[in-house]
Amino acid sequence: MDNIVGKKPALLWAVHLSVLALVLLWVLPVVGLLVSSFRTGDQIVSSGWWQALSAQEAQQPAIRIAGTEVAQDGVFAISGNLYGGKGGAISAWGTSSREPEAHAPGDTAELADGLRLTVQENGDFSLTSPASLADQRLPRVFTTASTPPEFTLQNYRNVLFSPLAGQSIGQAFLNTLTVAIPATVIPILVAAFAAYALAWMEFPGRALLVAFIVGLLVVPLQLALIPLLQFHNWIGIGKGYLSIWMAHTGFGLPLAIYLLRNYMVGLPKDIIENARVDGATEFQIFIRIILPLSFPALASFAIFQFLWTWNDLLVAMVFLGTDNDKLVLTGNLVNLMGSRGGDWEILSASAFVSIAVPLLVFFSMQRFLVRGLLAGSVK
Amino acid sequence: MHPALQAILVILGGVGGCVGYFYASNLILDKVLFPARGPQAGRNINRANLVRPWLFLAPALAALTLYLAYPVFATFWRSLLNQAGQFVGLANYAKMAHEPKFTEALGNNLLWLIVVPAAATGFGLLAAQLTDRIRWGNLAKSLIFMPMAISFVGASVIFKLIYDTREANLPQIGILNALWLKAEGGIGSVLILQLLPFALVVSLIAGFAYLGWLVLRPLWRRRDETAWIRVGRVIGAAVAVFLVIELASWAYGIATADLPYGQPQAWLQIPYWNNFFLMAVLIWIQTGFAMVILSAALRGVPEDTIEAAVLDGANPFQIFFRIKVPQIVGTIVVVWTTITITVLKVFDIVYAMTNGQWETQVLANYMYDKLFRAFDWGMGAAAAMVIMALVTPILVWNVWNARREMR
């Protein structure tokens, strides 16, 4: 097909540019959040993430002067650097929140009680006073400065290791893992046996059963919420991990059986019939031949089910509950959006913790995912 | 017991239990019930083989019936009961029909149903076709496919940052508002924000009108079609007419709008349009899915049909629309219906971003509201049945297709 386009370089360029535009459109949202998660809260609100690499001119939060006092010739002085030597270029400063840009760098401001404050462009200050400053509240300095870009891992440290009550991402991470792994493993075996029967055993009603499963593929799980909650309460497991494992298993089975059956039907007939002739039981054929040969399909489904259970919100809220210690990552994220919607440094880091594992699985096993998608939708 | 420990036990118990069940049940069948020896060996083997499929199927069938089939009927029955559990017939449905929030949810859902599958399939087809021809196509595909791995909630956070709004005197950190504030009402912004969208919408109107005409025309040209196909044609044409009218009102709105330049917009709080900002999240996620499947279908188009077209002097656009697309129409329909089902179940995005405020309610979130905030299970069940009713045509179509393929 290349030869068609190859004749028209202009068209080829148009194709390259359009693909680039599409890719950028699809990737930039994630990049925005990723960049934000490495910036400090102050930086996030003072400029858009696309400006993260340039120095930023912005009003800085007030800094209270601190330092050790030096007495010389009856004058007490404190000097130091406002930014602790981290850099930054002050364009204006002030000592009152009403006039934060009253002075230019290098000026000396006369404060009450004979205090004199000088602030240089690079943040160096010196404060002098006729009386000892030891017991006094030292003045605050408001600066407008351009600060160099700064990236930090502090946001991740905060959300993972020192969270506020009810916002423990670390705990939620463990909860999600606890939900997702059994909910991925259990349906596979159950489905594999059923798929083998549907693919390779002759019995009356087989076509009807396949149709039944195809029908169940699209039943919205919203319908299952009320009856299953009642059922789980009735058998006494209520809300909890057992409840959500069973729910995910039930909801994942139609896709599992469908995918595996489609794959197993395509396995070479000779192998299975030879094994039957050689006297292998159906159980042996399944364990020794079918399961190893179906590995790609099993992997496809496992990835689907893992992504789905990891990313699910509704089933977790209904069957696991919304208590703080049982929140999964998605539930935790929704709570954060409600309670701390403006704190992007927390929100972005939490979001990235929650999408890191699926992204890892996605990029490392994309091949199986694509194969599974194709088997599930097109024949 | 710690949940993680419990999880490990459940995995071991579940896997062990499964293998144990299948092994033991097969053993009992072969050695105890119908042993393949003695005078009736032949009859026994046949009998065992009659029973065996059901041994293999039993656990799966039990789970499917209990977790998916039975709930459909149980939910239907629950929708006929009131809060106290007394039978009230269709009263819940009647009450729901009179709730403005429900009609809003239904209307929004229809909007979602039209826009999201169309946009995701369209972008997917575009991406599939374009990436097929370039060397870094696989990398591009994998990046466009990536959002599939991101949860709806994660995607909501990502897009919330895009739509973020702050007061006019503060720096904007949402990229949409930053771009919006770049427009100041001069010729350039009128060109980009009004003339360009106007031209796009008008061309869409023309496209849908032509499509509707194509769908409707065989109604009087061809007399041999079955009643079902004719009904389908009328419905398709009605959708096209609806879209044309809707888009015409857009075109009028764009042409006459007095855009509030210089004021940051709270995108998620502008009624009607905020639906589209929510839909963008789902389109972003689903496009990759459409692209992967359509790309495989495009590669399956026989090379000789394309070569023949090239020899006849067709240009690339003609090859795409006249040769390739007609050959993958079946796959396009499959992709379209799959995304339609996802749309009907969409809950997380609306729940996380607006929770149905500012007229963005959808059925799934409405149902959750009824169930877990109003604790009115009858109404919640009725809302679930409405979702089921919307899914049913696709369910029937899928089952019909599966039956046809089995034969």
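Being a predicted model, the structure only gives us computed values, none of them experimental. (Residues numbered from 1 in each chain as written. Chains lettered and ligands numbered in written order. Predicted model: local features only at pLDDT ≥ 70, side-chain atom pairs only at ≥ 80, totals over all residues. Heavy atoms only, no water.)

Asks: Any chance you could explain the overall build of chain B here in plain terms?
Replies: Looking only at helices and strands, chain B features 17 helices and zero strands. For a compact globule of 407 residues, the expected C-alpha radius of gyration is about 22 Å, and chain B comes in at 27 Å, more than 25% above that figure. Taking the principal axes of its C-alpha atoms as reference, chain B extends roughly 95 × 65 × 50 Å. For chain B, buried positions account for 47% of its 407 residues. When contacts within chain B are restricted to residue pairs at least 6 apart in sequence, those whose partners lie at least 24 apart make up 69%. (Helix = DSSP H or I, 4+ residues; strand = E, 2+ residues; numbered from the N terminus. Rg over C-alpha atoms; globule rule 2.2 N^0.38 Å. Buried < 20%, exposed > 50% of the residue type's maximum accessible area, 1.4 Å probe, protein only. Contact = heavy atoms within 4.5 Å.)

Asks: Looking at this structure, I do not really get the pattern of salt bridges. What am I missing?
Replies: Oppositely charged side chains can pair when the atoms bearing their charge come close. Residue and element names in this part refer to chain B. Under the defined criterion, the tally for this structure stands at six salt bridges over all chains. Lysine 95 is the salt-bridge partner of aspartate 376, the closest N and O atoms lying 3.7 Å from each other. Taken as a pair, aspartate 376 in the loop between α16 (363-372) and α17 (377-406) and lysine 95 in helix α3 (residues 91-97) lie far apart in primary sequence, 281 residues in all. For lysine 95, a relative accessible area of 45% gives the class partly exposed. In this structure, a network of salt bridges that share partners links the residues Asp132, Lys141 and Arg299. (Salt bridge = Lys/Arg side-chain N within 4 Å of Asp/Glu carboxyl O.)

Asks: It is not clear to me how the interface of chain A and chain B should be interpreted in this structure. Could you clarify?
Replies: Accessible area lost upon the coming together of the parts is a frequently used measure of interface size. The interface of chain A with chain B comprises 109 residues on the first partner and 110 residues on the second. Approximately 9900 Å² of surface area, both sides summed, lies buried where chain A meets chain B, with 83% of it carried by carbon and sulfur atoms. Applying the counting criterion to the chain A and chain B interface returns zero salt bridges. Across the chain A-chain B interface, the total number found is seven residue pairs in polar contact (both at pLDDT 80 or more). Residue classes in the side of chain A that touches chain B are distributed as 86 nonpolar, 18 polar and five charged. (Buried area = accessible area lost by both parts, 1.4 Å probe. Polar contact = N/O pair within 3.5 Å; in protein donor to acceptor, adjacent residues only side chain to side chain. Nonpolar A, V, L, I, M, F, W, Y, C, P; charged D, E, K, R; others polar.)

Asks: Got a minute to help me understand the nonpolar core in this structure?
Replies: Proteins that are soluble and globular tend to have nonpolar side chains buried together. If you look at the biggest cluster of nonpolar residues, it comprises 212 residues, and the most contacted ones within it are Tyr196, Phe251, Met264, Ile290 and Phe319 of chain A together with Trp112 and Trp284 of chain B. For this core, the element with the most residues is helix α5 (residues 169-200) of chain A, which contributes 18 residues. Setting aside residues up to four positions removed in sequence, phenylalanine 319 of chain A forms contacts with Leu225, Leu228, Leu229, His232, Lys239, Gly240, Ser243, Ile244, Ala247 and Phe251 of chain A. (Core = buried A, V, L, I, M, F, W, Y, C linked by side-chain atoms within 4.5 Å.)

Asks: Would you mind showing me how to read the pairing of strand β4 (residues 75-81) of chain A here?
Replies: Along any regular strand the residues' side chains alternate between the sheet's two faces. Residues and elements named next belong to chain A. Taken together, the three bridges between strand β3 (residues 70-72) and β4 define a ladder with antiparallel strand orientation. Residue pairing for β4: glutamine 72 is matched across the bridge by valine 75. Linking β3 back to β4 in an antiparallel pair, the connection comprises two residues, with aspartate 73 at a positive phi of about 55°. In this sheet, strand β8 (residues 124-129) lies alongside β4 in antiparallel orientation, the contact comprising six bridges. Paired with phenylalanine 76 across the bridge in β8 is serine 129. (Pairing = 2+ DSSP bridges.)

Asks: Can you walk me through the domain arrangement of chain A in this structure?
Replies: Residues and elements named next belong to chain A. Under the domain assignment used here, chain A contains domain 1 (2-54), domain 2 (57-147) and domain 3 (158-377). When each unit is reduced to the centre of its C-alpha atoms, the spacing between domain 1 and domain 3 is 33 Å. With eight residues of domain 1 at the contact, the number on the domain 3 side is six residues. Of the roughly 610 Å² buried where domain 1 meets domain 3, counting both sides, 86% is carbon and sulfur surface. Its largest share of buried area at the contact with domain 3, domain 1 owes to Leu33, Ser37 and Ile44, together 61% of the area lost on that side. Our count for the contact surface shared by domain 1 and domain 3 stands at zero salt bridges. Counting across the interface, domain 1 meets domain 3 through one residue pair in polar contact (both at pLDDT 80 or more). (Domains from an automatic or database assignment.)

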